[in-house]
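Observations on chain architecture
This is what each chain is made of:
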Amino acid sequence: MSRASLPAAPERPRGQRDPEATQRALLAAATAEFAEKGLAGARVDEIARRAGVNKQLVYHHFGNKEALYRASLEQVYAGIRAAERALHLANLPPEAALERLVGFSFDYLLEHPEFVALLNDENRLGAPHLREADGLQAMHSPLVDLLRETLRRGGEAGIFRADLDPVQVYISIAALSYFYFSNNSSLSAIFGRELGAARAVSARRRHVIDFTLRALRP
């Protein structure tokens, strides 16, 4: 059968949305709303308005506001893990791989303030929704394994210390950048500097990379 003779896909009835597109729109709207107002302050009506859908579709697709909040958290974590996989760290020499990972972690938080805001809110609550999230630990396992292998390669080459715990290393990498962005306003006030200015952010990025690599060396 030629391409021209293939039957056309049936048209969706007027006014009927693609369910997957609706879910994506709701998740994007929910992420923005939760990042701005937290779980307690966010409103389902506003999420539906942002998504351009009827409020009832929130309950149809996600059940309730808490489930939508959990789905938003899962999505932002999936986003950063997918971006980390795209770095192809296994193809790089150990020090170059760590330099890329540290720089990426810093840049990602700079470019995704909603990620910082959502995590701040979830930590304030005691992380109950992350504890209930399906597959969250499995999502992080490949990253830990990759970091372990990179550290092992670096240790064998004499570039890195041989006693490094990959989970501890990752927490340290994340903390050096996360604290800077989550507390940027208060740090700026305390030290009398505009730490959100481009020059200050660039200086912090260089410091974080240099500080981490020096900490890993023998």
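Since the model is a prediction, treat every value here as computed from it, not as a measurement.

By the definition in use, this model includes 16 salt bridges. With a closest N to O distance of 2.5 Å, R152 and E156 form a salt bridge. One end of the pair, R152, and the other, E156, are both in helix 8 (residues 136-156), four residues apart, so they sit about a helical turn from each other. Look at R152 and you get partly exposed, because its relative accessible area is 37%. Note on E156: relative accessible area 61%, which makes it exposed. Linked through salt bridges whose partners overlap, the residues forming this network are E33, E36, K37, E46, R49 and R50.

Moving on, we get to the confidence of the model for the protein. Looking at the protein, pLDDT values average 91 and 92% of them are 70 or higher. Looking over the protein, one finds the lowest element-wise mean pLDDT in helix 8, namely 91, and the highest in helix 11 (residues 198-216), namely 98. Confidence drops under pLDDT 50 across residues 1-15; counting only partners more than four residues distant or on other chains, this segment forms five contacts.

Thresholds applied
Residues numbered from 1 in each chain as written. Predicted model: local features only at pLDDT ≥ 70, side-chain atom pairs only at ≥ 80, totals over all residues. Heavy atoms only, no water. Salt bridge = Lys/Arg side-chain N within 4 Å of Asp/Glu carboxyl O. Helix = DSSP H or I, 4+ residues; strand = E, 2+ residues; numbered from the N terminus. Buried < 20%, exposed > 50% of the residue type's maximum accessible area, 1.4 Å probe, protein only. pLDDT = per-residue confidence, 0-100. Contact = heavy atoms within 4.5 Å.

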